[in-house]
Amino acid sequence: MEQVAKPNEMNIEIDNSAKISNGLLIGRRTIVYIILVFLAVMCILPFYILIVNCTRSNFSIQQGFSFTFGDYFGSNWSILFSDSNIPMARAILNSLFISTCTAVLTVYFSSLTAFAFHQYRFKFRTFLYTFMLLIMMVPTTISSLGLLTLCAQYGLMDSYIPLIIPAIASPITVFYMKQYLDSVMPKSLVEAARVDGAGELRIFHEIVLPVLKPAIAVQFIFSFVGSWNNYFFPALIIQSTSNKTIPLIVAGLQASDPTTFDLGKVYMLMTVAIIPLLIMYLILSKFIIKGVTLGSVKG
Amino acid sequence: MNKRMTINTRKKKMSYAKWGYILLVPFFVIFILFQLIPLLQTFKYSFYEYYSIGLQEIGPNWVGFANYVKIFQGSILKYAGNTLILWILCIIPQMTVSLLLAVWFTDIRLHLKGTWFFKTVIYMPNLVMAAAFGMLFQMLFAANGPVVDMLMDSGWITETFHIGQSVWGTRWVIALMNFLMWFGNTTILLMAGVMGIDTTVYEAATIDGSGAFKTFFHITMPLLMPIFIYVVITSLIGGVQLFDVAQIFTSGSGAVDGSSKTLMMYLYKLIGTSRNYGEAGAVSVVLFLLTATLSFIVFAFTQKSGKLSKKEKKIMKEIELKEASKNGTSC
Amino acid sequence: MQKKLLRLAVGVCTIFGLSSCNGTTSSATGTDVTEGAGEGKVLNIRCWNDEFQGRFRSYYPDYMSTDSDGNDLLRDGTKVVWTITANKDNAYQNALDVSLKANDTAADDSKVDMYLVEADYALKYVDSDYSLDVKADLGLTDNDLSQQYQYTKDIVTDSTGAQKGTTWQACPGLYAYRRDIAKEVLGTDDPAEVQAKLSTWDGFNAVAAAMKAKGYFMLSGYDDAYRPYSNNISAPLVNENDEIVIDQNIENWIDTTKEYTDKGYNNKTSLWDSQWSADQGPNGKVFGFFYSTWGINFTLEGNSLADANAEKALGNGLYGEYAVTEGPASYYWGGSWLCGAKGTDNSYLVKRIMQTMTCSRTVSKHLTLDTLDYTNNKVAMTEIAEDPTYGSDFLGGQNHIAMFAESADKIDMSNISSYDQGINEGIQTAFQDYFAGSVTKEKAWENFYTNIAEVYPNLKKAA
């Protein structure tokens, strides 16, 4: 008897508390939506202004701001692409090459290193890991000074090697991958594969990498974008025009030389420079969001 | 039989251990070549006098700590202070908003629509080159720009406002720009972390009558702590290196009285005209020590929370047991 | 995996590594000035914008065509390679310096042959071994150089008296004023009469007060009047002991500008910011701007239009409503000089280019007539100045060359130093805060010296 009565009482209790929490819920939802919309507007605004500006003439931009589109789009476009001093196509290819290589190397070797720390027990493991964390705390720009003089010494100036190869050692990415592995990767899977006779590298490629997919997608984008927009060190290393990357070209156009200053061209260049990134991001974002949403169900 | 197995497994463990070393080789080789040696080189230069006058190179001549004395007699403490202030102004809103967003996006109870749109949009500012960002905001906040116009129209200010002359105005705008560029990044990372938390824990908490706040502070945060630490530390490292945005927005001047000049801007200036590797090396060392100190502080602070999480884990276990018992007696 | 990586690295090296040496082994001399004997096949020119490139392509007679990579082809088959690096963050000079130091050992086709410099940092290169004496090393004669303005030669003369560079531009500075405002406030817009009122700083200040009374600004911003003051200092900014010497004229600029700001004679802008540009347009309330030749036809004209897309003619904004006058002090602003690089393998070609572009009366005259740029040839400029039919539509029919010709001869640039660039920028940046009222004068000087220590570590404050 009691057992029959209890469910009813419980139901009424749940109903009441459900109604109250429903009200609270709607209130919360409204606040959430307001904030989300506000943030979304703030995020889209820079893109909007960028596109507006690439349709205006240099003098119009110089004199101030405008929310409305101009009609200089065609003109800015042809000025930009017909300028033989700005190798647009070449620069985009250069940037694509460097960024892709960097992202791939970073992601691959960081996963490898993270796996090494995660899976194996060996002497100095803790020491090396802590050392790596210490390295992480050193801003890369600090070592850029020394790297610059070394490159000058060994004739690596104006080459892409100092821009791409160091990507293999990226402590921040390793840290992230390891954290991810720690919460996701069951050691039992690896052991089972070993029993099946698989070699370590094979295990890494066929079991660990797939598990790491969402983390890889996230870090690939971060690494790609970081490399694409990197200005500081490439500006010090790259010298010849044909080797320039997009940020260097943008900086070149921004030079405050009044006689050839054309802001319309600059904004057009910036807009064009973003398009490959946007496309890559929109393609990958589905994977990222899917991967992050599916997440990792424990056990 | 057992003894033999133990010997075998021990052998296997050892042979697997060597894989640990092998897989680490690429990372550490490249690291030593391209980061450790240059880093030591930079530190080495800090003890030498080494710069250029015009086309003539002076040095490298050993001067011991002279460079350090020089930069501390200069304005390095001021720039370090600026960097810290800008970092704090940015990180607090950034972490708060990112956490909120991460929780909201992953809270099923909220039934949010269109989250895919929002999730995609918040990361987009990160794609824009910092230079472009700086230029756009310079336009927005110019003396004859829309923001000043709006403020004047609504009566907030009576005469034209030059943001470059306002110490806190410039700082807040730089913090805002940095926030916009990076909060999408941190939200995604935190979301990944939140998704890793078992949803049954949340269900148990709801049944127990835990409200949103309680759930957040006592369950989400402790479980999220590893990723959260990662996010704070990486933001810290990035923040100390704040350069592009501040440089472009203030046209390299650091605004009025150099109040928004960061350590990186200072470093850049030293390398720029006079290729002053000596002083730049000294500044780099200071930058490194600053980063290391802040990181240790963060680590230390979060270790305490580590202990809390054990307590929370206990509570969670009780919740799980309760749930199990309820299931057992369901009608 | 690692083997793949090695292959990739090698591939990267091959494609993007240092360019391989495949230049012809022509004799690399700096003194061989016989007719193109043993000259290199590639002429490398370094600059920071495409201004000279445009002039070269239009006026150098041996220029034939440009290929798709942006390289030019000359009649004798020589290829001209332009390397343009922007001035931003000193990138142009940094790259140039590295190349100049390595010029002797570089491959012939990669050697820097010619490079451009601006007046503010010309002395850095001129006083070094990395620029060639245009007479002794390259073979220009006194006769060639006779028609050039003296100050353009002074700027690139080193401490031994040798001229190390040459330019096709003379950039005398003027004060460009609005005719409509002049008529309203001064009662006349005739350049000679306006000049009478502006010929001294006292006169200039008096007019400023008059402008204010009628609701106009005399100047747009803080830095507008800097050059007229800074060009007329009595000694170089840095003496032989590496001490910074702040001339009385600089102090005058600071005090006058502060007074102008406090009295509301200027609009508190900075050079090149958006309000400064807008002040030159139809909605601006500024009487005039200190400008130089390139500024009139590039910046002022564009900013003065109401509709940038419509035809540039009377009726479109302030087109035709500006005129120019000498102003209270003669000064110059801007200009690019050509220098021959030490170690070049094309010294004869370098000489020919310099001779044609900077010493020829005909080329200079054509340049000015076509582009309205003021060129470095006294004879040509005088011809145009005395031409009664010549006038600029933009300036309401005024023959501005005549105006410039008078002031160009008075310019005295014997007091430059190789630190001018950093010091000029440093002063303007530091004192912006003072004018706006955010810091005291002492603090501004403090900031200036701190800043200079970061840019030129060897300079000291004067005792």
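This structure is a prediction, so every number in the text was calculated from the model and none was measured. Counting starts from 1 at the beginning of each chain's written sequence and moves along it residue by residue. Both sets of labels track the order of writing: A upward for chains, 1 upward for ligands. Residues qualify for local features only when their pLDDT is at least 70, as the model is predicted, and side-chain atom pairs are given and counted only at 80 or more; totals for whole chains, interfaces and linings, by contrast, use all residues.

**Notes on the overall build of chain A**
- In terms of helices and strands, chain A carries 14 helices and 0 strands.
- Helix and strand assignments come from DSSP, with helices taken as H or I runs of at least 4 residues and strands as E runs of at least 2, each series counted from the N terminus. Listing every helix and strand of chain A by position from the N terminus yields α-α-α-α-α-α-α-α-α-α-α-α-α-α.
- As a rule, residues whose C-beta atom has 12 or fewer other C-beta atoms within 10 Å are exposed, those with 20 or more are buried, and those in between are partly exposed; C-beta atoms are placed from the backbone. Each of the 299 residues in chain A was classed as buried or not, and the buried ones make up 47%.
- Two residues qualify as being in contact provided that their C-beta atoms, derived from the backbone, are within 7 Å of each other. Taking the contacts inside chain A whose residues are at least 6 apart along the sequence as the reference set, 74% of them involve residues at least 24 apart.

**Considering the overall build of chain C**
- In terms of helices and strands, chain C carries 19 helices and 13 strands.
- Each radius of gyration reported is based on C-alpha atoms, and the globular scaling rule is 2.2 Å times the count of residues to the power 0.38. Taking 463 residues into account, the globule formula puts the C-alpha radius of gyration at 23 Å, and chain C, at 24 Å, falls close to it.
- Dimensions along the principal axes, computed over C-alpha positions, put chain C at roughly 75 × 55 × 55 Å.
- Within the span of chain C, comprising 463 residues, buried residues form 50% of the whole.
- If you take every contact in chain C between residues at least 6 apart in sequence, the share linking residues at least 24 apart comes to 73%.

**What to know about the sheet that holds strand S10 (residues 288-292) of chain C**
All names here are of chain C.
- Each pair of strands is called paired provided DSSP finds at least two bridges between the two strands. On the basis of which strands lie adjacent, the open sheet formed by 3 strands has the order S10-S6-S11 and antiparallel pairing. Looking along the sheet, the strands with just one partner apiece sit at the ends: S10 and strand S11 (322-325). In this sheet, neighbouring strand axes are inclined to one another by 35 degrees on average, regardless of whether the strands run parallel or antiparallel.
- Contacting strand S6 (173-178), S10 and S11, helix H13 (residues 293-304) runs over the sheet at an angle of about 140 degrees to S10. Helix axes are fitted only over the stretch in contact, all axes being lines through C-alpha atoms; the angle between N-to-C directions runs from 0 to 180 degrees.

**Digging into the sheet that holds strand S1 (residues 42-47) of chain C**
Residue and element names in this part refer to chain C.
- Taken together, 6 strands build an open sheet; the order of strands is S2-S3-S4-S1-S5-S12 and the sheet is mixed. If you trace the sheet from one side to the other, it starts and ends with strand S2 (63-66) and strand S12 (336-340), each paired once. Looking at each pair of strands side by side, their axes are set apart by 25 degrees on average, direction ignored.
- Pairing geometry for S1 and strand S5 (residues 114-118), over 2 bridges, is parallel. Counted as the bridge partner of Arg 46 is Tyr 115 from S5.

**Examining the interface of chain B and chain A**
- Tallying the contact residues gives 73 residues for chain B and 74 residues for chain A.
- Element by element, the count of residues in the side of chain B that touches chain A is highest for helix H1 (residues 2-45) of chain B, at 18 residues.
- Each residue is assigned to one class: nonpolar for Ala, Val, Leu, Ile, Met, Phe, Trp, Tyr, Cys and Pro, charged for Asp, Glu, Lys and Arg, and polar for all the others, Gly among them. Classifying every residue of the side of chain B that touches chain A gives 53 nonpolar, 16 polar and 4 charged.

**Examining the domain arrangement of chain C**
All names here are of chain C.
- You can read the domains of chain C as domain 1 (2-170 + 335-383) and domain 2 (173-331 + 419-461).
- Those domain boundaries reflect an automatic or database domain assignment. Each of domain 1 and domain 2 was reduced to a C-alpha centroid, and the two centroids are 33 Å apart.
- For the side of domain 1 that touches domain 2, the class distribution of residues is 3 nonpolar, no polar and 2 charged.

**Remarks on the confidence of the model for chain C**
All names here are of chain C.
- Put simply, chain C has an average pLDDT of 84, and 91% of its residues get 70 or more.
- The model gives residues 5-34 a pLDDT under 50, and that stretch makes 47 contacts with residues more than four places away or in other chains.
- Scored as a whole, the predicted complex attains pTM 0.81, and scored at its interfaces, ipTM 0.78. The predictor's confidence in any single residue is recorded as pLDDT, a number from 0 to 100.

**A short note on the interface of chain B and chain C**
- With 25 residues of chain B at the contact, the number on the chain C side is 28 residues.
- Of all the elements in the fold, those that place two or more residues in the side of chain B that touches chain C are strand S1 (48-53) and helix H11 (263-272) of chain B.
- Examining the composition of the side of chain B that touches chain C, we find that 4 residues originate from one element, H11 of chain B, more than from any other.
- Looking at the side of chain B that touches chain C, its residues break down into 10 nonpolar, 12 polar and 3 charged.

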